[in-house]
Amino acid sequence: MNSRGLRSQLKDSVPVAGLCPQGAYGLQDSLRSGFSSVKNELLPSHPLELSEKNFQLNQDKMNMSTLRNIQGLHAPLKLQMEYRAARQIQRLPFLQSSNLALDTLKGSDDVIGFEDILNDPAQSEVMGEPHMMVEYKLGLL
């Protein structure tokens, strides 16, 4: 079979998550995506674990529905638009962003949480080569 026939067959196929190779040689790209862990693929061990993982998302949904019921449809749409604009403000890809504008919009800028104390970028394990990370984000790699 020639390569042209193989390409047309692959173009018509539907990719299934987990079965398609992630890297150029069919292996996971550990430099970009990190090491795989069996723990991340397991089901939750406690019934409340999923609820606790999605607490902030559920809280935001509830706040948006309450805001919609009180002020109308325009208020949550405007707030979501402001959140999206604040999320787009980033530093260079190899520097961790503090997302201060987003924290201020959400009202969590005056709250000291677990991630504020133990999320020191100097101790981060995801620091990579700056040039490679910028080129990857720009789509040059």
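What counts and what doesn't
- Residues numbered from 1 in each chain as written.
- Predicted model: local features only at pLDDT ≥ 70, side-chain atom pairs only at ≥ 80, totals over all residues.
- Heavy atoms only, no water.
- Helix = DSSP H or I, 4+ residues; strand = E, 2+ residues; numbered from the N terminus.
- Buried < 20%, exposed > 50% of the residue type's maximum accessible area, 1.4 Å probe, protein only.
- Contact = heavy atoms within 4.5 Å.
- Areas by Shrake-Rupley, 256 points an atom, 1.4 Å probe, with all protein chains shown as cover.
- Axes fitted to C-alpha atoms, helices over the stretch in contact; angles between N-to-C directions.
- Parallel < 35°, antiparallel > 145°, perpendicular 65-115°, else oblique.
- Nonpolar A, V, L, I, M, F, W, Y, C, P; charged D, E, K, R; others polar.
- Phe/Tyr/Trp six-rings, centres within 6.5 Å; stacked < 30°, edge-to-face > 60°.
- Lys NZ or Arg CZ within 6 Å of the ring centre and 35° of its normal.
- Expected span 1.5 Å × (residues − 1).
- Arc of directions from axis to C-beta.
- pLDDT = per-residue confidence, 0-100.
- Patch = residues over 30% accessible without salt bridge, like charges linked within 9 Å, V, L, I, M, F, W, Y side chains within 5 Å.
- Salt bridge = Lys/Arg side-chain N within 4 Å of Asp/Glu carboxyl O.

Some remarks on the overall build of the protein chain
A tally of regular secondary structure across the protein chain gives nine helices and zero strands. Along its sequence from the N terminus, the protein chain presents helices and strands in the succession α-α-α-α-α-α-α-α-α. Each of the 141 residues in the protein chain was classed as buried or not, and the buried ones make up 6%. Partitioning the contacts of the protein chain with sequence separation of at least 6, the portion at a separation of at least 24 is 25%. A total accessible area of about 12,900 Å² is found for the protein chain, and carbon and sulfur atoms account for 57% of it.

Some remarks on the packing of helix H5 (residues 55-71) against helix H6 (residues 74-88)
Relative to each other, H5 and H6 sit at 135 degrees, their axes nearing to 7 Å. In terms of orientation, H5 and H6 fall into the oblique class. The residues of H6 that touch H5, namely those facing Met-64, Leu-67, Arg-68 and Gln-71, are His-74, Ala-75, Pro-76, Leu-79, Gln-80 and Tyr-83. The class makeup of the residues in the contact of H5 with H6 is six nonpolar, three polar and one charged.

Concerning the packing of aromatic side chains
The way to describe two aromatic rings as a pair is by their centre distance and the angle between their planes. By the definition in use, this model includes zero aromatic pairs. Lying over the aromatic face of Tyr-83, Lys-106 brings its terminal NZ or CZ to 5.5 Å of the ring centre.

A short note on H6
Here H6 contains 15 residues, and its C-alpha end-to-end distance of 21 Å stays within 8% of the 21 Å for a straight helix at 1.5 Å per residue. Within the span of H6, buried status applies to Ala-75, Pro-76, Tyr-83 and Ala-86. Each buried residue of H6 sits inside an arc of 90 degrees when the element is viewed along its axis, so together they form one side. Set apart from the buried face of H6 by more than 90 degrees, the exposed residues are His-74, Met-81, Arg-84 and Gln-88. On its buried side, H6 packs onto H5 and helix H7 (100-106).

Comments concerning the confidence of the model for the protein chain
Taken over all residues, the pLDDT of the protein chain has a mean of 77, while the share at 70 or more is 75%. Between the elements of the protein chain, mean pLDDT differs from a low of 46, seen in helix H1 (residues 3-12), to a high of 94, seen in H5. When the criterion is pLDDT under 50, residues 1-21 qualifies, and its contacts beyond four places in sequence or with other chains add up to four contacts.

Quick word on H5
Along its 17 residues, H5 runs 24 Å from first to last C-alpha, staying within 8% of the 24 Å computed at 1.5 Å per residue. Positive phi appears at Gly-72, one or two residues downstream of H5, with a value of about 105 degrees.

Points about unusual backbone geometry
You will see that Asn-99, though not glycine, has its phi angle at about 55 degrees, which is positive. The residue Asn-99 is located in the loop between H6 and H7 in this model. Judged by relative accessible area, Asn-99 falls into the partly exposed class, the value being 27%.

Considerations on a nonpolar patch on the surface
Taken together, the side chains of Ile-112, Phe-114, Ile-117 and Leu-118 make up a nonpolar region of the molecular surface, amounting to roughly 520 Å² of accessible area. Structurally, Ile-112 is set in the loop between H7 and helix H8 (114-117).

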